[in-house]
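Residues per chain are reported as follows:
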Amino acid sequence: MRSLALDPRWIPRALGLGLLAFVIFGPLTNLLLWAVAERWYFPHALPLKYGFTYWVNVFSPRGNATGALVNSVVIAGLTVVISIGLAVPAGYALARLRLPLRGVILLMLLVPQAFPNLPVYVNIARIFYQFGLNGTVLGVVLVHASHGLVYAVWIATAAFSALDKELEEAARSLGASALRTFVDVTLPLAAPGLLASAVFVFLESLDEFTGTYFVGAPDVSTLPLLLYTAGAGGNYQIASITALILLVPSIAFMLVIERFLRADVLSKVGR
Amino acid sequence: MPQHLLGLMLVTPALAIVVLLFLVPLASSISGAFEVAGTVGLGNFAKAFELYGNDMAFTVVIVLSSTVLIGLGSIAISGYLTLGSNPRAVAILRWLYRWPLFVPFIVVGQVLRTFLAKNGLMNSMLIESGLLTASQTMSFLDWRGIIIAFTWKQTPFVTLLLAGAMASLDRSMIESARNLGASRPRILVEIILPQVMPTLMVGLILGVVTMMSVLSVPMMINAQTPTMITASMAFRINAYGDYGVANALGFVSLAMTSTVAWVYLRQTMRDQR
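Scoring rules and cut-offs
Residues numbered from 1 in each chain as written. Chains lettered and ligands numbered in written order. Predicted model: local features only at pLDDT ≥ 70, side-chain atom pairs only at ≥ 80, totals over all residues. Helix = DSSP H or I, 4+ residues; strand = E, 2+ residues; numbered from the N terminus. Rg over C-alpha atoms; globule rule 2.2 N^0.38 Å. Buried ≥ 20, exposed ≤ 12 C-beta atoms within 10 Å, placed from the backbone. Domains from an automatic or database assignment. Contact = placed C-beta atoms within 7 Å. Axes fitted to C-alpha atoms, helices over the stretch in contact; angles between N-to-C directions. Left-handed = near helix turned anticlockwise from the far one by under 90°. Nonpolar A, V, L, I, M, F, W, Y, C, P; charged D, E, K, R; others polar. Core = buried A, V, L, I, M, F, W, Y, C linked by C-beta atoms within 7 Å. pLDDT = per-residue confidence, 0-100. Parallel < 35°, antiparallel > 145°, perpendicular 65-115°, else oblique. Bend = angle between axes of the 7 residues up to and from the residue.

Examining the overall build of chain A
Okay, step 1: What chain A contains, in helices and strands, is 12 helices and 2 strands.
Okay, step 2: Listing each helix as α and each strand as β along chain A from the N terminus yields α-β-β-α-α-α-α-α-α-α-α-α-α-α.
Okay, step 3: In terms of overall dimensions, chain A is more spread out than a globule: its C-alpha atoms have a radius of gyration of 24 Å, far above the 18 Å expected for 271 residues.
Okay, step 4: Dimensions of chain A, computed from C-alpha atoms along their principal axes, come out at roughly 75 × 70 × 35 Å.
Okay, step 5: Within chain A, the proportion of its 271 residues that are buried is 39%.

Let's talk about the overall build of chain B
Okay, step 1: What chain B contains, in helices and strands, is 11 helices and 2 strands.
Okay, step 2: Starting at the N terminus, the α and β elements of chain B follow one another as α-β-β-α-α-α-α-α-α-α-α-α-α.
Okay, step 3: By principal-axis analysis of the C-alpha atoms, chain B measures approximately 70 × 70 × 30 Å.
Okay, step 4: In chain B, buried positions account for 47% of the 273 residues.

Quick look at the domain arrangement of chain A
Residue and element names in this part refer to chain A.
Okay, step 1: Domain annotation for chain A reports domain 1 (4–51) and domain 2 (64–266).
Okay, step 2: Taking only C-alpha atoms, the centre of domain 1 and the centre of domain 2 are 34 Å apart.
Okay, step 3: Counting residues at the interface gives 4 residues for domain 1 and 6 residues for domain 2.
Okay, step 4: Considering every element that reaches the side of domain 1 that touches domain 2, the biggest residue donor is helix H1 (residues 10–36), with 3 residues.

Observations regarding helix H10 (residues 223–232) of chain A
All names here are of chain A.
Okay, step 1: Among the 10 residues in H10, 8 count as buried, and that is most of the element.
Okay, step 2: Within the sequence span of H10, burial applies to Leu223, Pro224, Leu225, Leu226, Leu227, Tyr228, Ala230 and Gly231.
Okay, step 3: Trailing H10 by a residue or two, Gly234 shows a phi angle of about 75°, which is positive.

Brief notes about the environment of Met228 of chain B
Residues and elements named next belong to chain B.
Okay, step 1: Among the structural elements, Met228 can be located in the loop between helix H9 (216–221) and helix H10 (229–240).
Okay, step 2: A tally of 25 C-beta atoms within 10 Å means that Met228 is categorised as buried.
Okay, step 3: Considering only alpha carbons, one finds Met228 and Met56, 172 residues apart in sequence, at a separation of 6.9 Å.
Okay, step 4: With residues near it in sequence (within four places) discarded, Met228 still touches Asp55, Phe58, Thr59, Ile62, Ile146 and Pro218.

Looking at the environment of Met220 of chain B
Okay, step 1: You can see Met220 of chain B is positioned in helix H9.
Okay, step 2: When the C-alpha atoms of Met220 of chain B and Gln110 of chain B are compared, they prove to be 7.0 Å apart, with 110 residues separating the residues in sequence.
Okay, step 3: Met220 of chain B has contacts with Gly231 of chain A together with Gly109, Gln110 and Arg113 of chain B, leaving out every residue within four places of it along the chain.

Examining the packing of helix H2 (residues 43–83) of chain B against helix H3 (residues 87–97) of chain B
Residue and element names in this part refer to chain B.
Okay, step 1: Where H2 contacts H3, the two axes come as close as 9 Å, and the packing angle between them is 145°. Handedness of the H2/H3 crossing: left-handed. Where H2 abuts H3, its residues Ile77, Tyr80 and Leu81 lie against Val90, Leu93, Arg94 and Tyr97.
Okay, step 2: Within the contact of H2 with H3, the residues separate by chemical class into 6 nonpolar, no polar and 1 charged.

Digging into the nonpolar core
Across soluble globular proteins, you tend to see nonpolar side chains buried next to one another.
Okay, step 1: Judged by nonpolar contacts, the single largest core of 148 residues is most densely connected at Ala87 and Leu149 of chain A.
Okay, step 2: When residues are assigned to domains, this core turns out to be shared by domain 1 (4–51) and domain 2 (64–266) of chain A, each giving three or more.
Okay, step 3: Apart from residues no more than four positions distant in its own chain, Leu149 of chain A is found in contact with Ser83, Leu86 and Ala87 of chain A together with Ala14, Ile17 and Val18 of chain B.

As for the interface of chain A and chain B
You'll often see interface size given as the accessible area lost when the parts meet.
Okay, step 1: If you look at the interface, chain A gives 75 residues, while chain B gives 76 residues.
Okay, step 2: The element that contributes the greatest number of residues to the side of chain A that touches chain B is H1 of chain A, accounting for 11 residues.

Structural notes on the confidence of the model for chain B
Okay, step 1: Confidence in the prediction of chain B, expressed as mean pLDDT, is 88, and 97% of residues score 70 or more.
Okay, step 2: Of all the helices and strands in chain B, helix H11 (residues 243–272) of chain B carries the lowest mean pLDDT, 81, while H2 of chain B carries the highest, 93.

Considering the packing of H2 of chain B against helix H8 (residues 184–211) of chain B
All names here are of chain B.
Okay, step 1: The interhelical angle for the contact between H2 and H8, taken along N-to-C directions, is 135°, at an axis separation of 9 Å. Classified by the angle between their axes, H2 and H8 sit oblique to one another. When the axes of H2 and H8 are compared, the crossing they make is right-handed. The segment H2 lies against H8, with Val63, Ser66, Thr67, Ile70, Gly71, Ile75, Gly79, Thr82 and Leu83 engaging Arg184, Ile187, Leu188, Ile192, Leu193, Leu200, Leu204, Gly207, Val208 and Met211.

Here we look at helix H8 (residues 178–207) of chain A
Okay, step 1: The largest bend along H8 of chain A reaches roughly 55° and is located at Ala191 of chain A, with the proline Pro192 of chain A sitting one to four residues downstream.
Okay, step 2: The elements touched by buried residues of H8 of chain A are helix H3 (65–96), helix H6 (137–161), helix H7 (165–173), H10 and helix H11 (236–256) of chain A together with helix H4 (105–116) of chain B.

Some details on unusual backbone geometry
Okay, step 1: Residues other than glycine seldom take positive phi values, yet Leu101 of chain A does so here, at roughly 55°.
Okay, step 2: Residues other than glycine seldom take positive phi values, yet Ala37 of chain B does so here, at roughly 45°.
Okay, step 3: Looking at where Ala37 of chain B falls in the secondary structure, it is placed in the loop between strand E1 (35–36) and strand E2 (39–40).
Okay, step 4: With 7 C-beta atoms packed within 10 Å, Ala37 of chain B lands in the exposed category.

Here it is in structure tokens:
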């Protein structure tokens, strides 16, 4: 193996990669520092005192982070149940059954991705207000589900389409009913794809700000809303701790699905 | 039961949610924009352009500049991933560029607010390293901050799509161009880029729709006027409960994105065939 130091081409490479690393990890380091900074003011480049008192405050019974965390997890869990519950039958029908107006149905499921959702959330809040759904957990779950459902249907359709039809036909010819075949053969085979979409919908709901801001606030507080209010009040420690709690599951998900993010795998998407 | 009826029955609940919670509010946002005191009129638009005309121009400038930067950044990174000669440098870059992909927008807003401030870590580090003096520092928490936030967060997504498209290209043409002595930048621009253009466009258009939907970044990074119309919409509702003008602003943002969304839908439909 050649020594790195002898190859002059590593100078521009190291400069470029170092700059990119600074751009990406500089802001993230900043977040970590704020989360453990007790005292930090200008012109000191680094915090003057480190500690976890803010963590204790945030998670104390009087602090509002515990409530927001519980709300966020409950809302995300219910969103997954609704989204996946509706996406599995829809995805199966889109992938396997002959459907009239299939193109129109697909188009309707594409539309939410093609329009900015802010005007939509504003008017959902207005409609929900008439039904007393504003400021309720159910209202927030419905908004999150309308967003997550679209991804879930897409992924479920792809997962069912990728399955080998012959296995289902074999089960049917051995006398299993259509429902039995679906539950015992199709569903277990599609489970990895469905699980990935469930995790994705969960994270999308956990991180959602705009819809919760219009429909939930101020009665239903979630972690993103807590982060926003703490940050707006200049309470950067609490905002950073909340941000860190939101960041960890997302990064963990990235590391888990790392192998799916490789270019050679992605190049097969849509084939 | 006939198969198409069963299929419709299975799709209907999901479609009902999309219709009730997306298409109906979308329609009411459009009709609300034209509703003035119970009748149809353009009063909301007159008020919206008068009060928020600057914000509209600001939004267009922000979205266009971010899109250009995201495009250039993703071409550069995916180009190096495809053509880089040193496997170790390519591996480092592949590990590095993806991190912002899974950072939620609300976290991006918070992180960059503290990083880019006049007293933030970026300026402190530049002072410590001797590149700046304390009097030369300035805050980036204005239009530049928003552009930086969007570019930081969206470039990995477009890069991911673009690198995927580049990896599926036929290598033989690239190899023969290299054998004829073409430089790598030239191969990237003249041979690879034309073939992956559709993917790049779809990625950038999805980015535009996202930028027009994100409320947290302009509210957290740019707490002043002019601001993006997303923030103006929220302000109009929270401060005045004025749905008419808010919906007119919403209609403007729909008009801005539907131009690009039309291209996106046409592309997707064509790819599915």
